[in-house]
2 protein chains.
Amino acid sequence: MIGAGPMTECYVFRVGLTVNYAPESTDNAAAALATIRQMIETGKLPANGRLPTERELAAELGCGRRTVRRALDTLETEGLIWRKQGSGTFAGQPPDPAGALAAEIAPDADPLVVMEARLCIEPALADLCAKRATGEDVEKLRKLARRASQPLDADTAELWDGALHRAIARIAGNRVMLTAFALLDEVRMGAEWQEKRHRARTAETMTLYDRQHRDIIDAIERRDGQAAAAAMRAHLEALSENLKASMERSET
Amino acid sequence: MIGAGPMTECYVFRVGLTVNYAPESTDNAAAALATIRQMIETGKLPANGRLPTERELAAELGCGRRTVRRALDTLETEGLIWRKQGSGTFAGQPPDPAGALAAEIAPDADPLVVMEARLCIEPALADLCAKRATGEDVEKLRKLARRASQPLDADTAELWDGALHRAIARIAGNRVMLTAFALLDEVRMGAEWQEKRHRARTAETMTLYDRQHRDIIDAIERRDGQAAAAAMRAHLEALSENLKASMERSET
DNA sequence: TCCTGCACCAATCATCTATTGGTCCGCATA
DNA sequence: TATGCGGACCAATAGATGATTGGTGCAGGA
C-alpha cells in the first residue's frame with residue numbers, strides 16, 4: 001500500500017522521521033510524544049494533515065501501539081490533532097460541518113431573508129440562554145459586549161458583535177439549535193451582505209446596539225427568558241430597519 | 001424498509017394498481033398520465049414516496065417506457081414529482097442538502113433536545129406561514145392534516161404528520177429557515193428516536209393532535225401569525241410531554 | 001508499574017456490481 | 001406522417017463486499 005496506493009506521501013514523511021529523530025530512548029512514552037509533537041509542529045506531513053496510522057507510528061518509533069495511543073491522547077486534549085474511527089488521525093482542528101451547507105445557500109441569500117431567519121431563531125436562543133447561563137457565562141457576555149461597544153473601527157466592532165451572538169447561542173446549550181445557528185452565522189458572512197452592512201454602522205446606531213446588548217444580558221442575568229427574547233427581538237429589528245434603510249439608500 | 005429487501009413494498013403498491021385501474025386504453029399516453037397521477041394523489045406508495053421504476057411502470061401499464069417518461073415529464077413540470085438519475089422517481093418536493101449535516105448530530109441526539117429545538121423553530125415558522133400562505137396552500141395543509149388523522153397505522157400517520165410540518169416550513173417561504181428546519185427534520189428521524197415515539201401514539205393522543213393541527217391551520221387561514229405560533233407551541237408541548245412520559249415508562 | 005503484543009469490535013473507505021433515469025435509434029402500426 | 005414500442009447504451013446512484021483504521025480489553029513480560 002505504500003508504493004502505488006493513496007499512501008505514497010507517507011513514505012516521504014517516514015524518511016524524514018528516521019533521519020531526524022532517534023527512535024530509541026529510555027522512556028519510550030515521552031519520546032514518542034515528543035517525536036510526534038515535533039512531527040506535527042514542523043509540518044512534515046501530507047496535504048490532508050493526515051498522520052500515519054497508529055500501527056505505522058508504532059512500527060516506526062519502535063514502540064507499542066498502546067504507547068502511541070497515549071501520546072496521541074495527550075495531543076488530542078491539547079487540541080493539536082483530532083481522530084475519527086475508521087478514517088484516521090489528522091493535525092489541526094476538526095472541520096466545521098456547517099460550512100459546506102452554508103455555501104449552498106450563501107450565494108443567493110437575500111440579507112433581508114437572513115435577518116428574518118435571525119429574528120426567528122435568536123430570540124429563542126436568548127430565552128434558552130437565560131435559563132442556563134451561569135454567573136461565569138454572564139461575565140463572559142458582558143466582556144464581549146464591552147468589546148463590541150468600544151469605538152475602534154466598524155469592522156472589529158462587527159466581529160465582537162458576532163462573537164457575542166455566538167456566545168449566547170453556545171450558552172443556550174442545545175446542540176441542534178447551535179448547529180442551526182452556525183448555519184445562519186455562516187450565511188450571514190456572505191460577501192455582498194457584509195458590504196451592505198458596513199453602511200449601516202454609525203455612532204448613533206453603535207450606542208443604540210450597545211444599549212440593546214446590555215438589555216439582553218441584563219435579562220439573561222435575571223433569568224428572565226421572556227425579557228431576553230424580547231430584547232433580542234428588539235435588537236434584531238433595529239438591525240433590520242437599519243439594513244433596509246441603507247439598502248434603499250444604495251438603490252437611489 | 002418494510003419487508004426483507006428494499007423493494008418489497010413496491011409489490012404491495014403494484015397489486016393495488018393492477019386491481020384498481022385498467023391498463024388498457026385507446027390513448028395510452030393520456031391513460032398512463034392519469035393513472036400515475038391518481039397513484040400519487042391517493043398516496044398508495046411506499047414510505048419513501050418512491051415510485052416504481054420507469055421500466056416497471058411501463059410493464060404494469062402495458063405501454064412503452066417512452067410513454068411513461070412523457071407522463072412523468074408532465075408531472076415533474078407540475079412539481080408533483082422529482083427525479084434523480086440512478087436513484088429513482090419520488091413524489092413531493094426534492095429534499096434539501098441538510099442530510100449530511102444532520103448525520104453529524106443525529107447519532108447522539110437526545111429526543112428532548114430535538115423537541116426543544118422544534119419548540120424554538122416551528123412556532124416561528126408557523127408565524128411566517130400565516131403571513132404568506134395562499135388559499136391554495138391552506139387547502140393543501142388541510143388535506144395533509146386529514147391524512148394524518150386517518151387511523152390507518154401509527155407509522156403512516158407519523159409520515160403524514162411529518163409532511164404537514166414540512167409543508168408549513170416550506171410555505172413560510174424563507175430559504176434559510178427551511179434549511180434549518182430540514183436539518184432538524186433529518187435529526188428527528190434518528191432510529192432510536194423513532195422507536196421511542198411509537199409508544200407515544202394512542203387513540204387519545206391522535207385525536208388531540210388532530211385538533212391541534214386544525215387549530216394551527218385555522219390560525220394560518222385567519223392570517224393570525226401570533227395565534228398560529230401559539231397553537232404550534234401548544235402542539236409541540238403536547239408532543240414533548242407525551243415523549244417524556246413514554247421515556248420514563250420505558251426506564252422503569 | 002509500565003510497556004508490549006495480540007485479538008476483537010465498530011466505523012470508515014475503496015471498489016465492484018446491479019439498478020435507475022437520460023438519451024438515441026430502428027421499427028411497427030394506425 | 002405521427003405515434004408508440006423495443007432495444008441498446010451512457011451516466012449517476014445505491015448496495016454489498018473486503019480492507020483499513022481508530023477504540024478497547026486482556027494476558028504476559030521487563
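Structure: see above.
Here's what I pulled together on the structure shown here. Keep in mind that this is a model prediction, so the values were computed, not measured. Within every chain, residues take consecutive numbers counted from 1 along the sequence as written. Whichever chain is written first becomes A and whichever ligand is written first becomes 1, with later ones labelled in order. Residue-level local features of this predicted model are given only where pLDDT is at least 70; pairs of side-chain atoms are given and counted only at 80 or more, and the full residue set underlies all totals for whole chains, interfaces and linings. Neither water nor hydrogens contribute to the side-chain values; these are computed over all heavy atoms in the structure.

Here's the deal with unusual backbone geometry
Quick note on the threshold: Exposure categories follow from relative accessible area, calculated using a 1.4 Å probe and restricted to protein chains: below 20% of the type maximum is buried, above 50% is exposed, and the middle band is partly exposed.
One non-glycine residue with positive phi stands out, namely arginine 223 of chain A, at about 60 degrees. The exposure class of arginine 223 of chain A is partly exposed, given its relative accessible area of 40%.

Points about the layout of surface pockets
Unfilled space is identified by rolling a water-sized probe across the atoms. Stated precisely, the cut-off is as follows: Residues are said to line a cavity or pocket when one of their atoms sits within 4 Å of a point; the points come from a 1 Å grid over protein atoms alone, cavities being sets where a 1.4 Å probe fits but cannot get out and pockets being open sets with protein on both sides within 12 Å along at least five of seven lines. Grid points are joined across faces, edges and corners, and a volume is the space filled by probe spheres set on the points. For helices the rule is a DSSP run of H or I covering at least 4 residues; for strands it is a run of E covering at least 2, with both sets numbered from the N terminus onward. As a working rule, the residues Ala, Val, Leu, Ile, Met, Phe, Trp, Tyr, Cys and Pro are called nonpolar, Asp, Glu, Lys and Arg charged, and the rest polar, with Gly in that last group.
Quantified by volume, the second largest pocket comes out at close to 910 Å³. Taken together, the elements giving at least two residues each to the lining of the second largest pocket come down to helix 6 (111–132) and helix 12 (225–251) of chain A together with helix 6 (111–132) and helix 12 (225–251) of chain B. Among the residues making up the lining of the second largest pocket, the classes are represented as 14 nonpolar, three polar and twelve charged.

Describing the packing of helix 7 (residues 135–149) of chain B against helix 11 (residues 203–221) of chain B
Residues and elements named next belong to chain B. Where we set the bar: Angles here are taken between N-to-C directions and fall from 0 to 180 degrees, while the axes themselves are lines fitted to C-alpha atoms, restricted in helices to the stretch in contact. Here the angle decides the label: under 35 degrees means roughly parallel, over 145 means roughly antiparallel, 65 to 115 means roughly perpendicular, and every other value means oblique. Here, residues are in contact when the closest pair of their heavy atoms is within 4.5 Å.
For the pair helix 7 and helix 11, the least separation of the axes is 10 Å and the interaxial angle reads 175 degrees. Classified by the angle between their axes, helix 7 and helix 11 sit roughly antiparallel to one another. Of helix 11, the residues touching helix 7 (which contributes Val138, Leu141, Arg142, Ala145, Ala148 and Ser149) are Met206, Asp210, His213, Ile217, Asp218, Ile220 and Glu221. Across the contact of helix 7 with helix 11, the residue classes break down as seven nonpolar, two polar and four charged.

Concerning the pairing of strand 1 (residues 81–84) of chain B
All names here are of chain B. Selection criterion: Two strands make a pair as long as DSSP finds a minimum of two bridges between them.
Summarising the sheet, strand 1 and strand 2 (residues 88–91) pair through four bridges and their orientation is antiparallel. Note on strand 2: the bridge partner recorded for lysine 84 is glycine 88. As consecutive antiparallel partners, strand 1 and strand 2 are separated by three residues, and within that stretch glycine 86 has a phi angle of approximately 85 degrees, a positive value.

Thoughts on the pattern of salt bridges
Residues and elements named next belong to chain A. Test applied: Whenever a carboxyl oxygen of Asp or Glu lies within 4 Å of a side-chain nitrogen of Lys or Arg, that contact is scored as a salt bridge.
Per the counting criterion, the structure on display carries 31 salt bridges over all chains. Between aspartate 73 and arginine 83 there is a salt bridge, and its shortest N-O distance comes to 2.2 Å. Of the two residues, aspartate 73 sits in helix 4 (residues 65–77) while arginine 83 sits in strand 1 (residues 81–84), which places them ten residues apart along the sequence. You can call aspartate 73 partly exposed: its relative accessible area is 31%. What emerges from the salt-bridge pattern is a single network uniting Glu54, Arg65, Arg69, Asp73, Glu76 and Arg83.

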